Amino acid sequence: MPRKIPFSGKAKKQQLQEKKTKKSAFDIPGRRVQLLRKPEGDDDDDDDSMIQKINEQPKVRGGKGKPNRYALQFYKETAEEMRERKELARKELVPVPEPALEINLDDYFDPALHFPTRPPWNFNMSREELEAREQRYFTEYILDIEKKFNRRELSYFELNLETWRQLWRVLEMSDIVLVIVDIRYAALMFPPSLHQFVTSTLKKDMILVLNKVDLAPVPLVVAWTHYFLSRYPGLQVLQFTSFPSYNLRGSTQNKAGANIRRRKGRLRMAAEGAQKLFDVCKAITSGEVDLTSWQNKIKEEMNLEYDDEEDVEVEETVNLKKVDTSFVDHERFKGGVLTIGCVGQPNVGKSSLMNALMGKKVVSVSRTPGHTKHFQTIHLTANVRLCDCPGLVFPSKVPKSLQVLMGSYPIAQLRDPFSSVQYLAERLDLVKLLKLTHPEGDSTWSAMDVCDGWALKRGFRTAKAARLDSYRAANHILRMALDGKIALCLRPPGYHANKEFWLKHEELKGVLWVQARSTDEGYDEAPHHFIDEEDLSEEEHCEERTGRQLEQEERESEAGDEADSEDSGEDMAIGNKFNILASPD
């Protein structure tokens, strides 16, 4: 055996860089180009790549497959951006008035900032030729964006071509495109270019689903519904929640603090939202597809009494049909089957929506963006199928700090969580909401002070020096915001001035019906309100416990929220919920 030659770290790094360059895209003449270049003057690190891979999995030697094929990829912030954010996090908070929560869609979606669409192809092309053309197109698309826009003003958006390919396949094979958005940030999750492409280029019907309506005030849900109807004529808009009141456990009354929503481990079909979706699909198909079995399934679910726990057990597995969609020649309602494609950004609840429509767990659900790696096809009935596309972050000018609250970026991998806490604290009174005490006894608060105050309240301290762990506290606050325990809801233009109009709107009862709530609970608030005084009094003693004990308690609490079925007997009695639809408007 020949003697091994010493191999330095510098040489290894050069080898990896050459390998990365070989895998980069081809431009039109055929020479290789670097897809993303490091901005001039940035000394953040020695690596020329400015791509940050999210949720990257370790490669196993000898293992099959590509575990990071669909990993999220975003631009990495420069060292200068990180320094600026840290400085702002230490400045005094300036509260934002309620009218400033109204957003104008045109401020965030520039007409020139469209999303990548699939280049032309035909059946005479081989798979290799098709993929090479798509790679060239995507490289040109990214380079064009770099020329037109300053990278700092752009939001996080997906830089992985493989994930965009999943969107292209789903859009091609779908008869109806179902776009799901989080009602709290509805307009920022619905790019106008997507609506234009689906309705004008593909000539397909689109349904916009305002999901998680149980986390927003009822008048705001109605206001957002009419905003989209007025802005996009012909667009079908409906409200949905995977967690109506009978899928939640515990009391939600007489609270004072941050929002709380405890989910039952055994869920029922969200029949109210399913009924609304069925009505829209029935109108679009106009009898070309037999939807009788779907209608019967919903009616049976609505009138079924759940006395036996075994009848509502969540199933863990289902036969998912994987379809090779490299080449798809779409035929409307082919074989009498309606295909509904589910599209949306990460953490809008696409997988939970599909589970809620099925009445059982058929798709794995996680709060981590990028959990759904590739699209999955699930048969709702014999002639209705759903296609779940991975969550995609579309190009926009939405501030990165706001995108974190929207769930577009994994909180655990944030380099700077404090700017997102600052955005939240400027629009909600976190000091009052979380009942914080200033760690230094000062009267002015900054985003860093809020994090330190929460670390003090919860007992988050570093392992060695026992200092306040502000980073962990910031992550914890952001997770509560993502889960809806701290509810920030943006408003459509003019909402504050016309609030009294929306409070008396005739469609409020319809939203309550989707949430399976009583009309006695009130309109001007979200249905599930606050952590009670008992919970808060327990938290006051958290600093006496160790960080390891707190982490264990958090894991047990989260497991109880998602898997506990002991309270399944507390289901409220639900009668025939068609009565409200039968009532006159």
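Here we summarise the structure given alongside this text. Since this is a predicted model, take the numbers as computed values, not measurements. (Residues numbered from 1 in each chain as written. Predicted model: local features only at pLDDT ≥ 70, side-chain atom pairs only at ≥ 80, totals over all residues. Heavy atoms only, no water.)

Two numbers describe how helix 3 (residues 127-148) lies on helix 4 (residues 161-173): the axes approach to 11 Å, and their chain directions differ by 110°. When the axis of helix 3 is compared with that of helix 4, the two are roughly perpendicular. In this structure, helix 3 meets helix 4 at a crossing whose hand is right-handed. Touching Glu131, Glu134, Gln135, Tyr137 and Phe138 of helix 3 are Leu161, Trp164, Arg165, Trp168 and Arg169, all from helix 4. A per-class count over the contact of helix 3 with helix 4 returns 5 nonpolar, 1 polar and 4 charged. (Axes fitted to C-alpha atoms, helices over the stretch in contact; angles between N-to-C directions. Helix = DSSP H or I, 4+ residues; strand = E, 2+ residues; numbered from the N terminus. Parallel < 35°, antiparallel > 145°, perpendicular 65-115°, else oblique. Left-handed = near helix turned anticlockwise from the far one by under 90°. Contact = heavy atoms within 4.5 Å. Nonpolar A, V, L, I, M, F, W, Y, C, P; charged D, E, K, R; others polar.)

What follows deals with helix 13 (residues 447-458). End to end, helix 13 covers 17 Å across 12 residues, agreeing with the expected 16 Å (1.5 Å per residue, within 8%). Across the 12 residues that make up helix 13, a large majority, 11, are buried. Regarding helix 13, the residues found buried are Ala447, Met448, Asp449, Val450, Cys451, Asp452, Gly453, Trp454, Ala455, Lys457 and Arg458. Of the residues trailing helix 13, Gly459 is marked for its positive phi of about 80°. (Expected span 1.5 Å × (residues − 1). Buried < 20%, exposed > 50% of the residue type's maximum accessible area, 1.4 Å probe, protein only.)

A few words on the sheet that holds strand 8 (residues 384-388). Strand order in the open sheet formed by 6 strands is 5-4-3-6-8-7, and the pairing between neighbours is mixed. The sheet is open, and its two borders are formed by strand 5 (236-239) and strand 7 (376-381), each paired with just one other strand. Direction aside, neighbouring strands of the sheet carry axes that sit 25° apart on average. Looking at chain direction, strand 3 (residues 176-182) and strand 4 (residues 205-211) are connected through 7 bridges and run parallel. (Pairing = 2+ DSSP bridges.)

In terms of nonpolar packing, the biggest core is built from 140 residues, with Ile207, Leu210, Trp224, Phe228 and Trp294 touching the most fellow members. When residues of this core are assigned to their parent elements, the largest contribution, 8 residues, is made by helix 6 (residues 218-231). Those residues within four positions of Trp294 in sequence are excluded, and the remaining contacts are Ala274, Leu277, Phe278, Cys281, Ile340, Leu380, Thr381 and Val384. (Core = buried A, V, L, I, M, F, W, Y, C linked by side-chain atoms within 4.5 Å.)

Moving on, we get to the pairing of strand 7. The element strand 7 is extensively covered by neighbouring structure, given that 5 of its 6 residues are classed as buried. Relative to strand 8, strand 7 runs antiparallel, the two being bridged by 5 bridges. Counterpart to Thr381 in the pairing with strand 8 is Val384. Linking strand 7 to strand 8, which pair antiparallel, is a turn of 2 residues.

Tallied over the full model, the rule gives 21 salt bridges. Linking Arg152 and Glu81 is a salt bridge whose minimum nitrogen-to-oxygen distance equals 3.9 Å. You can see Arg152 sitting in the loop between helix 3 and helix 4 and its partner Glu81 sitting in helix 2 (residues 79-89), a full 71 residues away along the chain. When its relative accessible area of 39% is taken as the criterion, Arg152 is described as partly exposed. Between Arg85 and Asp416 there is a salt bridge, with the nearest N and O atoms lying 4.0 Å from each other. With a gap of 331 residues between them, Arg85 in helix 2 and Asp416 in the loop between helix 10 (400-406) and helix 11 (418-427) connect regions that are remote in the sequence. By relative accessible area, which is 16% here, Arg85 ends up buried. (Salt bridge = Lys/Arg side-chain N within 4 Å of Asp/Glu carboxyl O.)

What follows is about unusual backbone geometry. Even without a glycine there, the phi angle at Lys203 is positive, about 60°. Residue position: Lys203 is located in the loop between helix 5 (192-201) and strand 4. For Lys203, a relative accessible area of 64% corresponds to the exposed category. Backbone geometry places Lys212, a non-glycine residue, at a positive phi of 60°.

Turning our eyes to something else, we now look at the environment of Lys53. Position of Lys53 relative to the elements: it lies in strand 1 (residues 51-54). Sequence spacing of Lys53 and Phe74 is 21 residues, and the spatial spacing of their C-alpha atoms is 6.7 Å. Beyond its immediate chain neighbours, meaning those up to four positions away, Lys53 contacts Leu72, Gln73 and Gln413.

Its location among the elements puts Asp214 in the loop between strand 4 and helix 6. Within the local environment of Asp214, its side chain forms a polar contact with the side chain of Thr241, the two groups lying 2.9 Å apart. (Polar contact = N/O pair within 3.5 Å; in protein donor to acceptor, adjacent residues only side chain to side chain.)

A few words on the packing of helix 7 (residues 271-285) against helix 8 (residues 292-302). Axis angle and axis distance: for two packed helices, these are the angle between their axes and the distance between the axes, and together they describe the pair. Remark: helix 7 packs on helix 8, axes separated minimally by 10 Å, with the N-to-C direction vectors making an angle of 155°. When the axes of helix 7 and helix 8 are compared, the pair comes out roughly antiparallel. Crossing geometry of helix 7 relative to helix 8 is assigned as left-handed. Residue-level inspection shows Ala271, Glu272, Ala274, Gln275, Leu277, Phe278 and Cys281 of helix 7 in contact with helix 8, the latter providing Trp294, Gln295, Ile298, Glu301 and Met302.

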